[in-house]
Amino acid sequence: MRETEVVIQSKVKLSGSLSLPDSDKEKSPAILIIPGTGKLNRDGKVNKKLDLNLYKQLAQFFTELGFITLRYDKRGVGKSEGDYNRTGFWDLVDDSQAAVQFLKMHAAVDADQVIVLGHSEGCMIGTALAAREPMSGLILLAGAVERLEEALKRQREIAAVDMRSAKGFIGFLLRLFKADKKIEPQAQAFMQKVMESKNDTMKVQFQTINAKWMREHFAYNVREDLAKVTCPVLAITGARDVQANPAVLENLASFVKGDSEYHIVENMGHSLKFQAQTSHMLTVKKDLITESSLPLHPELEMLLRNWVEKQLIESNNLTHIIS
């Protein structure tokens, strides 16, 4: 795998990594990798302690299959320009569109064989992109079909259950102060403040909150855009994922116009790695750190390999028929 640093011109300059396979082909198929929520760089790193390495692993996996891959630092993260705290949902969609257009215009890329892959929040960004930009395929990992508001509500419900069953002194304190009863009212009050705000940012308990991003997310209905997607779609979520709901994948085919398939992988969590036990909401971050050194889940790799090879075969057959 040969990797080069590139600059993607969106409304701000984004820094990315273009990985090229060892191939004699004049042009190769390509995959754009869109990251999830938070200050994640192109590799999936938040800080020294939390480094998922997920997107670099995905890039290496697909490049070994013969794809050119592009991943990038989000706006205001890593080497990319911009203000992270003032970056809205539609800014992220604009950036992903600039990135996919960069791929299509690259001399080594077959512009008719460009696939977009989104992880977590990247599923919503990728879906919004697919409704606006032609592509040969869409891969949604750990976040398909679900709105952010729905995902957060589900996470709060899981957190409340975890608080009621927590053991030891921490469990005692949580039950003493009835913390599980306070989660939903506090969240609703917070969201009302966000929706009523007019500025890009707001202060909550001395922390800067990206209100613009939340307002735009809460107003966005991913299912409406799924209904505009005509390219083949693959959705995969882990059965142990507490941040995304695997059950909603069964509704995928009722929305998209093109071919679609979905899979729920046993013993896989949100990080797309093997997970022997389902995380508690109180231990999610700790578990992500533990899983960061693991390879991609082997069943996930198999499903991805089979699907992209199928898309390439069908695309090549169509090209042959037309010519």
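The present account deals with the structure reproduced in this document. Only a predicted model underlies this, so the values are computations on that prediction, with no experimental measurement involved. (Residues numbered from 1 in each chain as written. Predicted model: local features only at pLDDT ≥ 70, side-chain atom pairs only at ≥ 80, totals over all residues. Heavy atoms only, no water.)

1. Observations concerning the environment of Lys203
Applied cut-off: Numbered from the N terminus, helices here are DSSP runs of H or I no shorter than four residues, and strands are runs of E no shorter than two. Only protein chains enter the accessibility calculation, which uses a 1.4 Å probe; a residue is then buried when its area is under 20% of its type maximum, exposed when over 50%, and partly exposed in between. Contacts described as polar in this section are N or O atom pairs within 3.5 Å, which, within protein, must combine one atom able to donate a hydrogen with one able to accept it, while residues neighboring in sequence count only if both atoms come from side chains.
Within the secondary structure layout, Lys203 lies in strand S7 (residues 201-204). With relative accessibility at 61%, the residue Lys203 sits in the exposed group. Among the polar contacts listed, one links the side chain of Lys203 to the side chain of Thr208, at a separation of 3.0 Å.

2. What about helix H4 (residues 148-165)?
Formally: One fewer than the residue count of a helix, multiplied by 1.5 Å, yields its expected span. Here, residues are in contact when the closest pair of their heavy atoms is within 4.5 Å.
The end-to-end C-alpha distance of H4, which contains 18 residues, comes to 26 Å, matching closely the 26 Å that a straight helix rising 1.5 Å per residue would cover. Leu148, Ala151, Arg154, Gln155, Arg156, Ala159, Ala160, Asp162 and Met163 are the residues of H4 that are buried. Those residues of H4 that are buried lie in contact with helix H3 (121-130), helix H5 (168-176), helix H6 (179-196) and helix H7 (211-219).

3. Quick notes on empty space enclosed by the protein
This is how it is decided: Put plainly, a pocket is an open set of points on a 1 Å grid over the protein atoms alone with protein on both sides within 12 Å along at least five of seven lines, a cavity is a set where a 1.4 Å probe fits but cannot get out, and a lining residue has an atom within 4 Å of a point. Grid points are joined across faces, edges and corners, and a volume is the space filled by probe spheres set on the points. Side-chain classes are defined by residue name, with Ala, Val, Leu, Ile, Met, Phe, Trp, Tyr, Cys and Pro counting as nonpolar, Asp, Glu, Lys and Arg as charged, and the others, Gly among them, as polar.
Applying the stated criterion across every chain, the model contains two cavities of 30 Å³ or more. Computed from the structure, the largest cavity encloses a volume of approximately 60 Å³. If you go around the largest cavity, the residues you meet are Ile34, Pro35, Tyr72, Lys74, Leu92, Asp95 and Ile125. Per-class residue counts for the lining of the largest cavity are five nonpolar, no polar and two charged. The space that makes up the second largest cavity amounts to roughly 40 Å³. Forming the walls of the second largest cavity are Arg240, Asp241, Val242, Gln243, His270, Gln275, Ser279, Val284 and Leu288. Considered class by class, the residues forming the lining of the second largest cavity number three nonpolar, four polar and two charged.

These results come straight from atomic positions and should not be treated as a statement about function.
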